[in-house]
Amino acid sequence: MNRESRIVLHLASGILHLASGIGYLASGILHQASGILHPASCILHLASDIQQLVILKINIMRKIFVLSMITLDGVMQAPGGPKEDTSGGFKYGGWTAPYTDDIFGKVLQKELQPADYLLGRKTFDIWAAYWPQHGNFWPGINEGTKYVFSKNMKNSDKKVTGWKNSVVLKSVADIKKIKNSKGPDIQVWGSSELIQLLLKNDLVDELRLKIYPLTLGKGKTLFNKGPIPAAFTLTENTITSTGVIIAYYKRAGDVKTGDLT
């Protein structure tokens with residue numbers, strides 16, 4: 001649930017309680033002020049309708065999941081192979097390879113179930129050159145809709161038309177529009193710069209992290225300039241035999257503080 005929906009839901013709930021109180025008061029003084037009951041009942045129904053509309057909107061809203069493999073120091077660049085992304089002189093591509101085991105494989109297969117995808121331009125370029133020819137391992141990536149966030153690409157570009165079910169998004173408003181539409185939940189893989197934009201605009205519903213037991217010291221990171229103060233709740237966690245921590249964190253409102261002194 002995004003911030004705007006939470007505010008509207010709380011407002012509707014407040015109206016509902018207020019109307020209920022008015023209705024109770026009106027019922028008690030019915031013989032002296034019977035005219036109060038009808039307006040209170042109207043307010044009660046109105047508040048209930050508002051609450052149901054908000055709940056309906058929340059239920060149809062698509063969720064955005066960020067799935068990232070990161071090191072202890074937050075590096076997420078080129079986890080899969082040496083040539084995946086060498087930008088910035090990155091020399092450690094394929095750093096996840098030594099840590100694969102059966103537990104990890106089962107989790108990954110679950111995450112590869114059909115979905116829609118939101119990708120940054122760089123990740124889209126890399127994937128569009130690879131996955132159309134390797135769909136046997138991950139059929140869903142070719143069948144699902146791929147939304148590529150780019151201010152310069154067009155839907156008529158050869159890269160976009162060459163990978164079926166690909167659509168260009170150009171603004172945060174475009175992302176919000178698809179998030180508020182009907183359809184499968186949306187997965188974000190790679191796309192370090194796009195993730196910063198999503199975090200900044202509070203559009204991430206869940207972080208699905210695989211935290212590897214190593215540091216790299218340089219490379220693109222998951223948490224750079226994007227995060228805002230935000231609380232998350234741990235919903236699932238697993239530790240593999242190679243020490244990879246797999247943790248799912250669901251968005252959970254505002255940051256709360258206290259005093260331990």
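Here the structure is a predicted model, which is why all the values come from computation and not from measurement.

Procedures and definitions
- Residues numbered from 1 in each chain as written.
- Predicted model: local features only at pLDDT ≥ 70, side-chain atom pairs only at ≥ 80, totals over all residues.
- Heavy atoms only, no water.
- Helix = DSSP H or I, 4+ residues; strand = E, 2+ residues; numbered from the N terminus.
- Buried < 20%, exposed > 50% of the residue type's maximum accessible area, 1.4 Å probe, protein only.
- Areas by Shrake-Rupley, 256 points an atom, 1.4 Å probe, with all protein chains shown as cover.
- Pairing = 2+ DSSP bridges.
- Axes fitted to C-alpha atoms, helices over the stretch in contact; angles between N-to-C directions.
- Arc of directions from axis to C-beta.
- Contact = heavy atoms within 4.5 Å.
- Polar contact = N/O pair within 3.5 Å; in protein donor to acceptor, adjacent residues only side chain to side chain.
- Lys, Arg positive; Asp, Glu negative; His and termini not counted.
- Salt bridge = Lys/Arg side-chain N within 4 Å of Asp/Glu carboxyl O.
- Phe/Tyr/Trp six-rings, centres within 6.5 Å; stacked < 30°, edge-to-face > 60°.
- Lys NZ or Arg CZ within 6 Å of the ring centre and 35° of its normal.

Draft legend 1. A look at the overall build of the chain. Counting secondary structure elements, the chain contains eight helices and eight strands. For the chain, the proportion of its 261 residues judged to be buried stands at 42%. In the form shown here, the chain has an accessible surface area of approximately 15,000 Å², with 58% of it arising from carbon and sulfur atoms.

Draft legend 2. Representation of the sheet that holds strand β3 (residues 146-149) within the structure. One open sheet accounts for eight strands, arranged β4-β3-β2-β5-β1-β6-β8-β7; its pairing is mixed. Because the sheet does not close on itself, it has two edges, and the strands there are β4 (166-169) and β7 (232-239). Geometrically, the sheet is characterised by an average inter-axis angle of 25 degrees between neighbouring strands, direction not taken into account. Here two bridges tie strand β2 (residues 116-120) to strand β5 (residues 186-189), and the two strands are oriented parallel to one another. When the bridges of β5 are listed, Tyr117 appears paired with Gln187.

Draft legend 3. Inspection of helix α3 (residues 102-111) at higher detail. Taken together, the buried positions of α3 are Phe104, Val107, Leu108 and Glu111. The arc enclosing the buried residues of α3, seen along the axis, measures out at 100 degrees, which places them on a common side. Facing away from the buried side of α3 by over 90 degrees, the exposed positions are Asp102, Lys106 and Lys110. Where α3 is buried, its residues touch β1 (64-71), β5, β6 (206-212) and β8 (245-251). Between the side-chain oxygen at the start of α3 and the backbone nitrogen of Ile103 there is a gap of 3.2 Å, and the oxygen is on Asp101.

Draft legend 4. Layout of the side chain of Lys146. Structurally, Lys146 is set in strand β3. Of the side chains with opposite charge, Glu143 comes closest to the buried, unpaired Lys146, at an N-O distance of 7.5 Å. At 2.8 Å, the side chain of Lys146 forms a polar contact with the backbone oxygen of Lys164. Aside from chain neighbours lying at most four places away, what touches Lys146 is Tyr117, Leu119, Phe124, Ile141, Trp163, Lys164, Asn165, Ser166 and Val167.

Draft legend 5. Summary view of unusual backbone geometry. At Ser191, a residue that is not glycine, the phi angle is positive and equals roughly 60 degrees. Within the secondary structure, Ser191 is located in the loop between β5 and α8 (192-200). Taking the relative accessible area as the measure of exposure, Ser191 reaches 6% and is therefore buried.

Draft legend 6. The packing of aromatic side chains, seen in detail. A full pass over the atoms with the stated rule returns 13 aromatic pairs. For the pair Tyr117 and Trp138, a centre-to-centre distance of 5.7 Å together with 85 degrees between the ring planes defines the contact as edge-to-face. Residue Tyr117 is found in strand β2, and its partner Trp138 is found in the loop between α4 (121-128) and α5 (139-143); the two are separated by 21 residues along the sequence. For the pair formed by Tyr117 and Trp138, the shared burial category is buried. When the centroid spacing of 6.3 Å and the interplanar angle of 15 degrees are considered together, the rings of Trp131 and Phe137 count as stacked. Over the ring of Phe65 we find Arg208; its NZ or CZ atom is 4.0 Å from the centre of that ring. Over the ring of Tyr248 we find Arg208, and its NZ or CZ is 4.8 Å from the ring centre.

Draft legend 7. Region of the structure containing the pairing of β5. Covered by surrounding structure in β5 are Ile186 and Val188 together with Gln187 and Trp189, the residues of both alternating faces. Two strands pair when backbone bridges link them, and β1 and β5 are joined in this way by four bridges, in the parallel orientation. Paired with Val66 across the strands is Val188, a residue of β5.

The values are spatial; any link to function lies outside them.
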